[in-house]
Amino acid sequence: NSQRFELKNTLHNTLPSVKTPEERILFTGIYSAACMVEHSCNPNCSTTIREGLIYCIASRNITTLDRISISYLPNVYEKPRQQRQDYLELVKSFSCHCSRCMSYDECNPINCPDCAQGVMFQNGKTAEWECYLCGELHNSFEPKIRTQLKLLDEVSMRLDSIQ
């Protein structure tokens, strides 16, 4: 019985849905071709549903070797990596390992403590913070940064829920 609930929950969370502006689901469908499109936090397509048909629309040039990708997140470019990861784990039941999640988190820059003029970004693979101006790497002040970023994410989520 719990396996049936888990499968139903996973299907419900991964199927494309048509929603009202208030995020109320009008209907959900199974699209045999569209379900093969993978998620990326830097997608090359977007989707729209019209009259029961789902359309993938290229947002940039796609070569024959590129994989077709869409974002399962709303406003994907406005969300820092940890917020995207938390959402996908909670709502879609998977961890994202796309190229954007594995590179520098451009949504969470901090000032460089060494040169004071540069900006640091965290690398998704190494978890180190690197300054783009002086090139210094940091990981020793990670707990302090994590606490600050968590607070920023909480504020951002609250603001999203208000809108």
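To be clear, the structure that these remarks concern was listed above.
A quick note: this is a predicted structure, and the numbers were derived from the prediction, not measured. (Residues numbered from 1 in each chain as written. Predicted model: local features only at pLDDT ≥ 70, side-chain atom pairs only at ≥ 80, totals over all residues. Heavy atoms only, no water.)

Engineer: Could you clarify how one ought to interpret the sheet that holds strand 9 (residues 129-131) in this entry?
Structural biologist: What holds strands together in a sheet is hydrogen bonding between their backbones, with the strands either parallel or antiparallel. Taken in spatial order, the four strands of this open sheet run 7-8-9-10, and their pairing is antiparallel. Looking along the sheet, the strands with just one partner apiece sit at the ends: strand 7 (110-111) and strand 10 (137-138). Relative to strand 8 (residues 119-122), strand 7 runs antiparallel, the two sharing two bridges. Bridge assignment links Asn111 to a residue of strand 8, and that residue is Val119. (Pairing = 2+ DSSP bridges. Helix = DSSP H or I, 4+ residues; strand = E, 2+ residues; numbered from the N terminus.)

Engineer: Explain unusual backbone geometry to me, please; I cannot follow it from the model alone.
Structural biologist: If a residue is not glycine, its phi is most likely negative; likewise, a peptide bond is most likely trans. Although it is not a glycine, Asn75 sits at a positive phi angle of roughly 50°. Along the chain, Asn75 turns up in the loop between strand 6 (69-70) and helix 2 (81-92). Taking the relative accessible area as the measure of exposure, Asn75 reaches 48% and is therefore partly exposed. With phi around 65°, Ser93 is a residue other than glycine that occupies positive phi space. Mapped onto the elements of the fold, Ser93 is located in the loop between helix 2 and strand 7. (Buried < 20%, exposed > 50% of the residue type's maximum accessible area, 1.4 Å probe, protein only.)

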